[in-house]
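Coordinates in review
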Amino acid sequence: MDRLKRRTLPRRWLAAIASLALALGLAVTGASAPARAEDPPRLRVALTSDIDTLNPFQAVFLTSTGLLRYQYEVIVGVGVNNEPVPGLASEWTTSPDAKVWTYTFPEGRLWSDGQPLTAEDARWTLQSIKDNEALGTANGGLVENMAEIAAPDPQTLVITLTEPQASNPGFEIPIVPKHVWENVDAETYPNDRDTVGSGPYVIKSYAQGQSVDLDVNPNFWRGPAPNGGLTYAVYRNLDAAVQALRSAEVDFVTQLTPAQFDSLANQPGITTNPGNGRRFTSVNINHGQRGPDDTEYGDGNAALKDPLVRQAIMHSIDNQALIDRVLQGYGEPGVTQEPPVYPDYFGLAAGTEPYAFDPAEANRLLDQAGYARGSDGKRLGPDRKPLQLRMLVRNSDPTHTQIADFVKAWLADVGIGVDVSAMSANQLDEVTTAGNYDLYVSGWSINPDPDYQLSINTCDRRVDAEGNGNSEANYCNPEFDELYAQQHTELDPARRAELVKQAWSIMYRDAVVRPVYYQQQLEAYRSDRFDAFTRQPAEGGIIAYQNYYWGFHAAAPAAPAAGPGGAGGAGGGMPVGGWVAIGVGVLLAIFGGVYLARRRGTSADDRE
């Protein structure tokens, strides 16, 4: 058969077409040819709260401790349902008298810089906190019962207690790498750049007021995170953070107001999560600041030293109204500092009556205390001056201002004046630590074991005038201390739970801290970019600010949405090979057209 004679494309053009066709085929089919995989995207988290420090010995703010949970593993972790799970230790045992705890550290564990991670790191961390009071700011109370801390070999940690202890001493304390921290001043080390850790992420850099970058730890014992790391981006307020989520500048926002949360519902590419959290919000009363040696300091209103006045304030606060009006129903009424997610310790002891919203009772108590109303209806003190209080709130949380506005109105109804001031979290911490307030809106995130939160309300944890110490409200009641000591060593779970409730009931009766509600943690994220967030508790729980690092560890880039007839779709559509063929055809047409144009142009130019 004779071959047809035709004009052909030059070889250099055919080679170009072949190369582009091959590239197109590889791009569409994902054929196994040598290619560099793109790095997975970083999870971008909006940050609207202050960081006090990234030094794990000093950090107490929720944001700081939340970040550090991703950086440092603990000896014994907290599971998705708040149960004890292996952390640095794979297993542990206790002696029959519950005074000797022995932990096994698996061989082969590494720090993020590749150095061996052993029981000696844990021994050094715990001993440093015990020996240096300045390193006990965050967790000093957790080592007070430790008589001896030993690492007889790299895989074994032995903690001997002075007295039996109900709570596992391996909980909560972040363990730092000895080979890093023994060579720095641990009291002042900022720990904010090129850090070494054992958790799923490590802090790469921190620009105050701008961002915190955490890189994936390739040596994390549970396996590297499937994303490209975390970037916490600072926003001046939650409204700005919400707008950033809408525009996909960030991927995750938490601690939303109810209005913000509702506005994000059913938005394309966004998923909302109303998590039952571990946090309570409270109104704290300055009952008279005293240091551990009983030296008075601060400028709190003297009227608040009278328990009748404090009880009157308690009866003037309507918890349910705050839930309905401030939280729009996303919460439960506050009782003690133990939230309902820990049912064993939640609630008051039998026989303790809660403070009902009762303005008539508040007026009766104020009359009994000697604060009569003046002609203008305002309560007058012994000096005949109106009873006027200062109430402080954090300016980064709109709900705190709303709470203050309601409390101001309710107290005005019983004759007490209130001036409200808003400030940053750091400034609020400084002012309240100095005792220069009357009322302020506070809040704490509570761990599964109640021991720590109880401990920071004992007499010996009070803060002095120089700011040394770690106390929630500078509270002191020997009766409370006695119950704390009893629950600390009580090994029967049911009996211990009752002692915990009794202790909290005493503090509740003393009217120093009034939990007003347990808010749901309102969160939203770009589900078109990331999924596989783990909640704690597993059913209905929170993603950010957990007791552990589950929330962001498994967060993975979301699979691309499958369009009609696309990959993974159910409608068929053109096979990949068809698209390749079309692509090749287009290339042939383009290059053929260019070639013909060049030929025609040459011919025309050559004509006489």
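Residues numbered from 1 in each chain as written. Predicted model: local features only at pLDDT ≥ 70, side-chain atom pairs only at ≥ 80, totals over all residues. Heavy atoms only, no water.

With an unreviewed UniProt entry as reference, the protein is termed Peptide/nickel transport system substrate-binding protein, source organism Naumannella cuiyingiana. Within the UniProt record for the protein, the comment given under Subcellular location (unreviewed entry) is "Cell envelope". (UniProt positions renumbered as here; feature names shortened; annotations may be inferred.)

Of regular secondary structure, the protein possesses 16 helices and 22 strands. Taken over 608 residues, the protein has a buried fraction of 51%. Long-range contacts, defined here as pairs at least 24 residues apart, represent 70% of the contacts in the protein between residues at least 6 apart. For the protein, the exposed surface amounts to about 27200 Å²; the carbon and sulfur share of it is 51%. (Helix = DSSP H or I, 4+ residues; strand = E, 2+ residues; numbered from the N terminus. Buried < 20%, exposed > 50% of the residue type's maximum accessible area, 1.4 Å probe, protein only. Contact = heavy atoms within 4.5 Å. Areas by Shrake-Rupley, 256 points an atom, 1.4 Å probe, with all protein chains shown as cover.)

Time to look at the confidence of the model for the protein. Here the protein averages 87 in pLDDT, while 86% of its residues score no lower than 70. Every residue in residues 1–36 scores below 50 in pLDDT, and together they form 30 contacts with partners more than four places removed in sequence or on other chains. Between residues 563–608, whose pLDDT stays under 50, and residues either more than four places distant or in other chains, the model counts 34 contacts. (pLDDT = per-residue confidence, 0-100.)

The next thing to look at is the state of the cysteines. Scanning the model with the defined rule gives one disulfide in all. Residue Cys 459 pairs covalently with Cys 476 via a disulfide, S to S 2.0 Å. Between Cys 459 and Cys 476, the S-S torsion sits near 90°, and that sign places the bridge as right-handed. Pair noted here: Cys 459 is in the loop between helix 12 (451–455) and helix 13 (478–489) and Cys 476 is in the loop between helix 12 and helix 13, with a separation of 17 residues, a long-range link. (Disulfide = S-S within 2.5 Å.)

The next point concerns the pattern of salt bridges. In this structure the tally under the stated criterion is 19 salt bridges. The salt bridge partner of Arg 42 is Asp 213, with a shortest N-O separation of 3.9 Å. Of this pair, Arg 42 sits in the loop between helix 1 (11–29) and strand 1 (43–47) while Asp 213 sits in strand 9 (residues 211–216), and the two are 171 residues apart along the sequence. Using a relative accessible area of 26% as the deciding quantity, one classes Arg 42 as partly exposed. Residue Arg 364 is joined to Glu 361 by a salt bridge in which the shortest nitrogen-to-oxygen separation is 2.7 Å. Linking Arg 364 with Glu 361, this pair stays in helix 9 (residues 359–368), spanning three residues, or about one helical turn. Each member of the salt-bridge network shares a partner with another, and the members are Arg 42, Asp 213 and Asp 215. (Salt bridge = Lys/Arg side-chain N within 4 Å of Asp/Glu carboxyl O.)

Let's shift gears to helix 10 (residues 398–413). Along an α-helix, a turn takes 3.6 residues, which lines up residues three or four apart on a common side. In a regular helix each residue adds 1.5 Å, so 16 residues correspond to 22 Å; helix 10 covers 23 Å between its end C-alpha atoms and thus fits that length. For helix 10, the full list of buried residues reads Thr 399, His 400, Ile 403, Ala 404, Phe 406, Val 407, Trp 410 and Leu 411. Angular distribution of buried residues about the axis of helix 10 spans 170°; they occupy a single face of the element. (Expected span 1.5 Å × (residues − 1). Arc of directions from axis to C-beta.)

So, on to the packing of helix 7 (residues 307–315) against helix 9. In the contact formed by helix 7 and helix 9, the axes pass within 8 Å of each other and the chain directions differ by 165°. Between helix 7 and helix 9, the crossing angle belongs to the class labelled roughly antiparallel. The handedness of the crossing between helix 7 and helix 9 comes out as left-handed. Here Leu 308, Val 309, Gln 311, Ala 312 and His 315 of helix 7 lie close against helix 9, whose contacting residues are Pro 359, Glu 361, Ala 362, Leu 365, Leu 366 and Gln 368. Across the contact of helix 7 with helix 9, the residue classes break down as seven nonpolar, three polar and one charged. (Axes fitted to C-alpha atoms, helices over the stretch in contact; angles between N-to-C directions. Parallel < 35°, antiparallel > 145°, perpendicular 65-115°, else oblique. Left-handed = near helix turned anticlockwise from the far one by under 90°. Nonpolar A, V, L, I, M, F, W, Y, C, P; charged D, E, K, R; others polar.)

Time to look at the side chain of Asn 286. Within the secondary structure layout, Asn 286 lies in the loop between strand 13 (279–285) and strand 14 (289–290). A distance of 3.0 Å separates the side chain of Asn 286 from the backbone nitrogen of Gly 288, its partner in a polar contact. (Polar contact = N/O pair within 3.5 Å; in protein donor to acceptor, adjacent residues only side chain to side chain.)

All right, on to the pairing of strand 5 (residues 100–104) then. The side chains of a regular strand alternate between both faces of the sheet. Covered by surrounding structure in strand 5 are Trp 101 and Tyr 103 only, the residues Val 100, Thr 102 and Thr 104 on the alternate face being uncovered. Strand direction decides the pairing type here: strand 4 (residues 91–94) and strand 5, joined by four bridges, are antiparallel. Residue Trp 92 lies in a different strand from strand 5, and its bridge partner there is Tyr 103. If you look at the hairpin formed by strand 4 and strand 5, you'll find five residues sitting between the two strands, and Ala 98 has a positive phi there, around 60°. (Pairing = 2+ DSSP bridges.)

We now examine the sheet that holds strand 7 (residues 156–161). One open sheet accounts for four strands, arranged 4-5-7-6; its pairing is antiparallel. Looking at the sheet topology across the chains shown, the edges are occupied by strand 4 and strand 6 (146–153). Here the strands of the sheet are splayed against their neighbours by 15° on average, with no regard to which way each runs. Sheet strands in contact with helix 3 (residues 119–131) are strand 6 and strand 7, and its direction is about 160° off that of strand 6.

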